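Listed below, chain by chain, are the residues.
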Amino acid sequence: MHTYIRRAEMFHKIIKRSHRKAAKSDVDFAFPPPWISSAADLVVCHASLRPQTPAAAKAEQPQPQPQPQPPLDVFENLPTFRDAAAVDRQDLFLRKVKLCCVQFDFSDTSKMAKEKDIKQQTLIELMEFLQYGKITEANQGELVKMISTNIFRELPPASYESTCSEIVEPDEENPYFDPAWQHLHLVYEVLLRYVVSPDTDTKTAKRYIDHFFVMKLLDLFDSNDQRERECVKTALHRIYGKFMVHRPFIRKAINNIFYRFVYETGRQNGIAELLEILGSIISGFASPIKEEHKVFLARVLIPLHKAKALATYHSQLSYCVTQFVEKDYRLADTIVMGLLKCWPVTNSQKEVLFLGELEEVLEMTNIMEFQRCMVPLFRQVARSMKSSHFQVAERALFLWNNEHIVELIAQNRSVILPIIFEALQKNTQYHWNQAVHGLSLNVRKTFMELDGDLFEECRKQYKERKGKCKELEEQRELTWQRLAAAAAAE
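Keep in mind the model is a prediction, meaning the values are calculated, not measured.

Rules used throughout
Residues numbered from 1 in each chain as written. Predicted model: local features only at pLDDT ≥ 70, side-chain atom pairs only at ≥ 80, totals over all residues. Heavy atoms only, no water. Phe/Tyr/Trp six-rings, centres within 6.5 Å; stacked < 30°, edge-to-face > 60°. Helix = DSSP H or I, 4+ residues; strand = E, 2+ residues; numbered from the N terminus. Buried < 20%, exposed > 50% of the residue type's maximum accessible area, 1.4 Å probe, protein only. Lys NZ or Arg CZ within 6 Å of the ring centre and 35° of its normal. Axes fitted to C-alpha atoms, helices over the stretch in contact; angles between N-to-C directions. Left-handed = near helix turned anticlockwise from the far one by under 90°. Contact = heavy atoms within 4.5 Å. Nonpolar A, V, L, I, M, F, W, Y, C, P; charged D, E, K, R; others polar. 1 Å grid on protein atoms, 1.4 Å probe; cavity = no way out; pocket = protein on both sides within 12 Å on 5 of 7 lines; lining within 4 Å. Points joined across faces, edges and corners; volume = space filled by probe spheres on them. Expected span 1.5 Å × (residues − 1).

### Some thoughts on the packing of aromatic side chains
Then comes step 1: Taken as a whole, this structure holds 15 aromatic pairs when the rule is applied.
Then comes step 2: Ring geometry for F93 and F129: centres 5.3 Å apart, planes at 40°, overall tilted. Taken as a pair, F93 in helix α4 (residues 89–99) and F129 in helix α5 (residues 113–132) lie far apart in primary sequence, 36 residues in all.
Then comes step 3: The class for F93 is buried, based on a relative accessible area of 0%.
Then comes step 4: Here F129 falls in the buried class, since its relative accessible area comes to 12%.
Then comes step 5: Each ring, one from F152 and one from F213, has its centre 5.1 Å from the other, and the planes form 65°; the classification is edge-to-face. One end of the pair, F152, is in the loop between α6 (137–151) and α7 (159–162); the other, F213, is in helix α10 (residues 211–219), with 61 residues separating them in the sequence. F213 shares its class with F152; the two are buried.
Then comes step 6: Taken together, the ring pairs connect F370, F378, W400 and F447 into an aromatic cluster.
Then comes step 7: Taking NZ or CZ as reference, K96 lies 5.4 Å from the ring centre of F81, over its face.

Structure below.
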């Protein structure tokens, strides 16, 4: 009998060892970290408080169990940390953390109101303890498990899914407020206090704030609640700053979100918040810029201009792009040519945004980089100047209000003026908007003062082209008349 028992124990040990062995990449990316018993722990509410019995563990086919309600005695008010002895505070901390693992249904505000208030007060106590106290390594794992249980959950359908529309402008949709926010924002604050605490050792904490945790945190950027996206942004930014070992992984994960947005779905709520994080990351890049960052600029940031929802995150995107030019002026040509490839054809509001971003880039461009792209650039500027949409034409003409750009244009006027002269002439003669008409006259006057001979030469060439066009039109009209007459004679 004893021999049989020993053999059974050895068999179970062998099985457990085989289950433990897994590739490192699998642990990082495919499976939950050690402190999460299963993927269900990410969404389970009350079962996480009850340890699994040996009988349940040995069951070959476990039956689905309905989620039980938390027992009322669990929510008896625990003593405060001030009332507990110093030697008992770690155990009390653990009890409070386990209490906060319980989740509630907030669709009914009157349901279990007392228990909700107790959990809310307990979260506040945990925040205060993390600010002034140090916790053990075991308690750190339980704390991160509690945070994960609360924030890693199935999000409600996104606004673009519920409305069946591709783009939902912020001012046209009703803002969404998560009913559980009274608890969620406290959990995010607990996470933030834990990460920024000087008592949190990164070597220990990275066992719990690992790649799996970061990926689940990134998924929360698609939340409909803007308040949650702001909290996630702050938390991820702090994690990036403290855990240097995670920095390459975080950048790569953010890149993948952008790739899916640009090349696959075109839908993501948190693009603006992610770009805000990237803006601060890019500002910390060392000069000269690494090749991988240049690839990110060309393959991610510039293609982000193609999206229909550009207006919702353009200011953050523009900041990231201009940060690259500040770090390396030689990238100005790459950015300008990239913007020209993505230039909107039928969307006037996007065109206004593009022109504003071009001005910011050109303001930090030197003469050498400017000369590389000035011909295709001012061909597009000329088309924008002739636009019947007055905001587009007006924004293109505003480029001449920037002293640095005017200086660049003046040094290359012999190339630029012939390109835009026709647009200036048509605006002064035919454009319906008085503001555009007046700005065009001011630009003409600027060129006449810079180089009167060049201006007269361009005017002469313009008249010659206009005369040739008139002759061609007359010949074309005569040809049609002859064809009409021949057809009538038959």
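The structure having been displayed, the exposition proceeds.
### Here's the deal with the packing of α10 against helix α12 (residues 247–265)
Then comes step 1: Following both chains from N to C, one finds α10 and α12 inclined at 35°, their axes separated by 11 Å at the closest point. Both α10 and α12 take part in a crossing whose hand is right-handed. Where α10 approaches α12, its residues H211, V214, M215 and L218 are matched on the opposing element by F249, I250, A253, I254 and I257.
Then comes step 2: For the contact of α10 with α12, a count of residues per class yields eight nonpolar, one polar and no charged.

### A word on empty space enclosed by the protein
Then comes step 1: According to the stated counting rule, one finds one cavity of 30 Å³ or more in the structure shown.
Then comes step 2: If you add up the space inside the largest cavity, you get close to 60 Å³.
Then comes step 3: Looking at the largest cavity, the residues that line it are L130, G133, K134, I135, Q140, Y194, S197, D199 and T200.
Then comes step 4: Taken together, the residues of the lining of the largest cavity sort by class into three nonpolar, four polar and two charged.

### Looking at α6
Then comes step 1: With 15 residues, α6 should cover 21 Å at 1.5 Å per step; its first-to-last C-alpha distance of 21 Å lies within 8% of that length.
Then comes step 2: Extensive coverage of α6 is indicated by the burial of twelve of its 15 residues.
Then comes step 3: Within the sequence span of α6, burial applies to N139, Q140, G141, L143, V144, K145, M146, I147, S148, T149, N150 and I151.
Then comes step 4: Looking at the buried residues of α6, the elements they touch are α4, α5, α8 (181–196), α9 (202–205) and α10.

Take it as geometry only, folks, not as evidence of what the structure does.
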